[in-house]
Structures are given as structure tokens and as C-alpha cells.
Amino acid sequence: MSFFDTPVERRGSDSVKWGRYAGRDVLPLWVADMDFPAPPAVLAALHERVDHGVFGYGHPPEAATEFVLAHLAEQYGWPVAAEWIVWLPGLVTGLNVACRAIDGGVLTAAPVYPPFFSAPRHFARPLARVDLACRDGRWGWDLEALQAGMTAETRLFLLCHPHNPVGRCWNEGELQDLAAFAERNDLVVCSDEIHCGLVLDSARRHIPFASLSADAARRTITLMAPSKTYNIPGLGCAFAVIPDAGLRRRFQRAMDGIVPHVNVLGFAACAAAYRDCGDWHAELIDYLRGNRDRVAATVDAEKRVKMAPVEATYLAWIDVRGLGLANPAAHFEAHGLGLSDGADFGAPGWLRLNFGCPRATLDDALARFANACAAA
Ligand SMILES: Cc1ncc(COP(=O)(O)O)c(C=O)c1O
């Protein structure tokens, strides 16, 4: 039995995901955390830090920065200097700080993770939203639509890479097109790369947007974290990589007085995750591939629903418009399955299914999925 097969009871815990359906027979496959324990090396580092017993204000430990830099160099061949790192308590904070820091309009492509829509709103930044293209069942960019979405005031492009919810790991050609677009229009790019450690296709690799060229580096705020990959989002430890000193100062000024420091446990977990969890990570990816294939097989068997291949993330983006339901999320919930409503991502009629769970849970969920389809 795999480490990932062992169920952990999350009902009655502090889990947002499981708490939504407390007391109901609904399997929660919505919010993006996994039902797996953190890697043993992360747990050991946390125990050690707790045993120290004192939790005063902490500065970023050198080890955390050192292992982040080593990880970026090893995994992506991306040389990053320590002073480019700005620690953050979360990626959503980073998206909001970017919108606060950059005076002007914001451009993004839908469907996308909902805070891409709300962050510009929080700072009264006009948001231009274009659609990703889905051609022959594969998601991609519509560069003409992107250019048409530009207004005279647009200054910031919010990129989701890999993309939640469509599951694409953008390839080098696509990223080069986006970099040329950003350069032509002189845009700052905020690249949310929180899912970069979750590339499932062995033929693909994550390429940090800022690593493409000196120009891309100069105009980019990259947001990353160990949170999704090592399943520690509740520990609140993330970082921005901002090579350009001027852009970094603007970002840091926008954080002043409102963004709290990363907590000491988050730093301990982050250092251990990047230092010690290579084997755990390889096993996780293998397990998630198996889960992804089960989801794809179930969806393929249902003639009226569709999904594109999931190249990265543990999220399947499913088109259920063929079922003709007025409220798909409520229908699936009534059949014992809690999924994310596509409407929140800018795409009513779609659902997002989180397959980051033990296979026994997933198989139960997929049986419920099939029942819900049959009942529609
Ligand atoms: C693309 C993306 N960005 C950010 C987040 C959340 O980041 P954080 O919990 O660090 O604020 C998520 C979580 O699902 C996400 O999918």
C-alpha cells in the first residue's frame, strides 16, 4: 500500500474542505488542498521547531532561502539571487499586492482561479478579461483576443502557470508568445506558479516565465510556494521572486504595514520540503497520475461530459454543459459530491474536481459522479 492510500480522518478537524459538508454524506473534492499528510521530513522539521518551545518573532532563516534557491536552480535551471526573494504569507496576498503596486488596468484570461478577478477589484483597478481558447479539446492562448483586450491603461498581466483550472503546463513556445506580447505592450507580468511542482505529464516540464529572457525577468513578479506540492497551504509560507530592484521596491512598498511576516513554522516546513522531500514528491506525482487517469476514464465513459487532459495540478476541469442542468454544482452535491462551481472561475456549466485524495475516496467519488450524470 502506498503512503498516499492511507486515509486520514479530516471530518471534525479544522479543514475548510471537509467542514463545508459537516454532517452530510457529501465527499468534498473542491478547495485545492490534498487529503494526504505532509511528507515525513516536513513533520520532523515541524516537531523539532515546536520542541524548541519559543515562538517569538522570526526572521527568514538562511536555510529557507538557501533551499529555495537550490530548488529553483536544480528543478528549473533558474539562477535566482537571494535578494530577489520577497517572503509572503500566501499567493493570494501576492496577487493582491501586485494589483496594489502597479497603478493601472489589469489583464487576465478566463477561466481562472477566482482571486484573479477579485484582486484587481480590491484596488479599483479596471480588469480586462479575455477567454482562453479551447481548440480540438485542448486549451491554449488566443493572442489576438489578448491584444484586443489591451486598453491604454493596461499595465499588469496576471498569468496562471501552470493554469488552474484548465490544467495546462504552458510550453516554451506559448510562453515565448506571451513574453513577446508583454514586451510589445510594456506590461508587468505577475506569474502565479503555485502549481509548478505538480507537472504530471512526463513529456512536459515547468519553465518559470521569468527564466525565458532578461526582458521577461525584468518585468516579472513570480509567485511560488511549497504549499500545493507538499500539501502545507495551512502553514502560510510563500514567496515572490522579483529580479528588478525597482519593481521589487514597488512591491515591497505595497506590502508595508498590511502584510504580516511568514510564521516560524511555515519557514521550518518550507526548508524541509525543498531540502528533503525529493522521493516523496516523485511518489506523489506517480500517485496523482494514476488518479488523473481514473478521472479521465470516468469522464470519457460519460458521453455528455468532457474534459481536456490534465498536464499539471490535481484538478480536473470538466464541461458538464451537455447534461443540461440549471445548477450543476447543486446537482452533484445532491448526489453526494462537492465540486467547485465553474461559475466562480468565469465559466458556468463547468465543474472542477480535485483528485488529490486516496484512491478509495476517489473511487467512491467517481461512482457518485457517474450516478449524478445518469440522473441528469
Ligand atoms: C493558482 C492559485 N493561486 C493561489 C492559490 C492560493 O494560494 P495561497 O493559499 O498561498 O494564498 C491557489 C489555491 O488553490 C491557486 O490555485
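These figures come from a predicted structure and were not determined experimentally.

Q: Mind showing me how you'd approach the sheet that holds strand β10 (residues 238-241) here?
A: In sheet architecture, strand pairing relies on hydrogen bonds along the backbone and comes in two forms, parallel and antiparallel. Strand order in the open sheet made by the seven strands is β2-β10-β9-β8-β7-β3-β4, with mixed pairing throughout. The sheet is open, and its two edges are formed by β2 (85-88) and β4 (127-131), each paired on a single side. If you compare each strand with its neighbour and ignore which way they point, the axes differ by 20 degrees on average. Of the pairings in the sheet, the one linking strand β7 (residues 154-160) to strand β8 (residues 188-192) comprises five bridges and is parallel in character.

Q: So what exactly am I meant to see when it comes to the site of the ligand here?
A: Within the structure, the ligand sits among A32, G90, L91, V92, Y113, C160, N164, D192, I194, H195 and K228. A distance of 3.0 Å separates an oxygen atom of the ligand from a polar backbone atom of V92. Expressed as a share of its isolated accessible area of 400 Å², the protein-covered part of the ligand is 86%. Along the lines of polarity and charge, the residues of the shell around the ligand split into six nonpolar, three polar and two charged.

Q: Quick question: what am I supposed to make of the packing of helix α4 (residues 91-101) against helix α5 (residues 115-122) here?
A: Helices that pack against each other are described as a pair by the angle of their axes relative to one another and the distance between those axes. With their axes 8 Å apart at the nearest point, α4 and α5 run at an angle of 40 degrees to one another. Classed by the angle they form, the pair α4 and α5 counts as oblique. Regarding α4 and α5, the two cross each other, and that crossing is right-handed. Facing α4, whose interface residues are V92, L95, N96 and C99, α5 presents P115, F116, A119, P120 and H122. Of the residues belonging to the contact of α4 with α5, the class tally is seven nonpolar, two polar and no charged.

Q: Explain the domain arrangement of the protein chain to me, please; I cannot follow it from the model alone.
A: Buried accessible area, meaning the area lost when the parts come together, often serves as the stated size of an interface. Its domain assignment divides the protein chain into domain 1 (3-31 + 278-374) and domain 2 (45-276). Look at where the C-alpha atoms of domain 1 and domain 2 centre, and you get two points 25 Å apart. The partner domain 2 presents 30 residues to the 24 residues of domain 1 that form the contact. At the boundary of domain 1 with domain 2, total buried surface from both sides reaches about 2200 Å², with 59% on carbon and sulfur atoms.

Q: Any chance you could explain the environment of S2 here in plain terms?
A: As for its position among the elements, S2 is in the segment before α1 (16-19). Take S2: its relative accessible area is 22%, and that puts it in the partly exposed class. Once the C-alpha coordinates of S2 and P358 are considered, the two residues, 356 residues apart in sequence, prove to be 9.4 Å apart. Discounting chain neighbours no more than four positions away, the residues touching S2 are E283 and Y287. There is a polar contact of 2.9 Å between the side chain of S2 and the backbone nitrogen of F4.

Q: Looking at this structure, I do not really get the pattern of salt bridges. What am I missing?
A: Summed over the entire model, instances satisfying the criterion amount to 22 salt bridges. We note a salt bridge from R275 to D276, for which the minimum N-O separation is 2.9 Å. Three or more residues joined by partner-sharing salt bridges are found here, namely R138, R168, E174, D201, R204, R292, D293 and E311.

Q: Teacher, can you tell me more about helix α11 (residues 278-301) here?
A: Look at α11: 35 Å from first C-alpha to last across 24 residues, which is about the 34 Å you get at 1.5 Å a residue. When we look at burial in α11, the residues that qualify are W280, H281, L284, I285, Y287, L288, N291, R292, V295, T298 and V299. On its buried face, α11 sits against α2 (40-52), β11 (306-307), β12 (315-319), β15 (350-354) and α13 (359-374).

Q: Please explain the packing of aromatic side chains as it appears in this structure.
A: For any pair of aromatic rings, the description rests on two quantities: the centre-to-centre distance and the angle between the ring planes. Enumeration over the complete set of coordinates arrives at 17 aromatic pairs. Taking the centre distance of 5.1 Å and the plane angle of 55 degrees together, the rings of W141 and W170 count as tilted. You can see W141 sitting in the loop between β6 (138-140) and α6 (143-148) and its partner W170 sitting in the loop between β7 and α7 (172-184), a full 29 residues away along the chain. Owing to a relative accessible area of 0%, W170 belongs among the buried residues under this scheme. An aromatic cluster is built from F3, F4, F36, Y230, Y274, W280 and Y287, whose rings are joined through pairwise contacts. Here the basic side chain of R129 rests over the ring of F117, its NZ or CZ set 4.5 Å away from the ring centre. It is R359 that lies over the ring of Y287; its NZ or CZ is 4.2 Å from the centre.

Q: What's the story with the environment of D186 in this structure? I'm lost.
A: Residue placement: D186 occurs in the loop between α7 and β8. Using a relative accessible area of 54% as the deciding quantity, one classes D186 as exposed. Within the local environment of D186, its side chain forms a polar contact with the side chain of R219, the two groups lying 3.2 Å apart.

What counts, and at which threshold
Every chain begins its residue count from 1, and numbering advances along the sequence as written. Per-residue local features of the predicted model are confined to residues with pLDDT of at least 70, and side-chain atom pairs are confined, for both listing and counting, to 80 or more; whole-chain, interface and lining totals are unaffected and use all residues. Hydrogens are left out, water is left out, and the side-chain values use all remaining heavy atoms of the structure. At least two DSSP bridges between two strands are needed for those strands to be called paired. Helix and strand labels come from DSSP, where a helix needs a run of H or I of at least four residues and a strand needs a run of E of at least two; each type is numbered from the N terminus. For helices, the axis comes from a line fit to the C-alpha atoms of the stretch in contact; other axes are also lines fit to C-alpha atoms, and the angle between any two N-to-C directions lies between 0 and 180 degrees. We define proximity as follows: a residue is near a molecule or strand when any one of its heavy atoms falls within 4 Å of that partner. For the purposes of these results, a polar contact is taken to be a pair of N or O atoms within 3.5 Å, where, inside protein, one atom must be able to donate a hydrogen and its partner to accept one; residues adjacent in sequence count only when each atom of the pair is a side-chain atom. For the accessible areas, the method is Shrake-Rupley and the probe is 1.4 Å, while residue cover comes only from the protein chains on display. Nonpolar residues are Ala, Val, Leu, Ile, Met, Phe, Trp, Tyr, Cys and Pro. Charged residues are Asp, Glu, Lys and Arg, and all others, Gly as well, are polar. Throughout this description, any angle smaller than 35 degrees is read as roughly parallel, any larger than 145 degrees as roughly antiparallel, any in the 65 to 115 degree range as roughly perpendicular, and the remainder as oblique. Note on convention: the crossing is left-handed when the near helix lies turned anticlockwise from the far helix by less than a right angle, right-handed when the turn is clockwise. Two residues form a contact once any of their heavy atoms are found within 4.5 Å. Throughout the structure description, domain borders are defined by an automatic or database domain assignment. Buried area is a sum: the accessible area each of two parts loses on coming together, probed at 1.4 Å, counted once for each and added. Relative accessibility under 20% of the residue-type maximum defines a buried residue, over 50% an exposed one, and the middle range a partly exposed one, all with a 1.4 Å probe and only protein chains included. Just to be clear on terms, a salt bridge is a Lys or Arg side-chain nitrogen sitting within 4 Å of an Asp or Glu carboxyl oxygen. To estimate the expected span of a helix, subtract one from its residue number and multiply by 1.5 Å. Any two rings among Phe, Tyr and Trp, with Trp reduced to its six-membered ring, count as a pair given centres within 6.5 Å; such a pair is stacked if its planes are under 30 degrees apart, edge-to-face if over 60, and tilted if neither. Put simply, a charge is over a ring when the Lys NZ or the Arg CZ is close to the ring centre, within 6 Å, and near the line of the ring normal, within 35 degrees.

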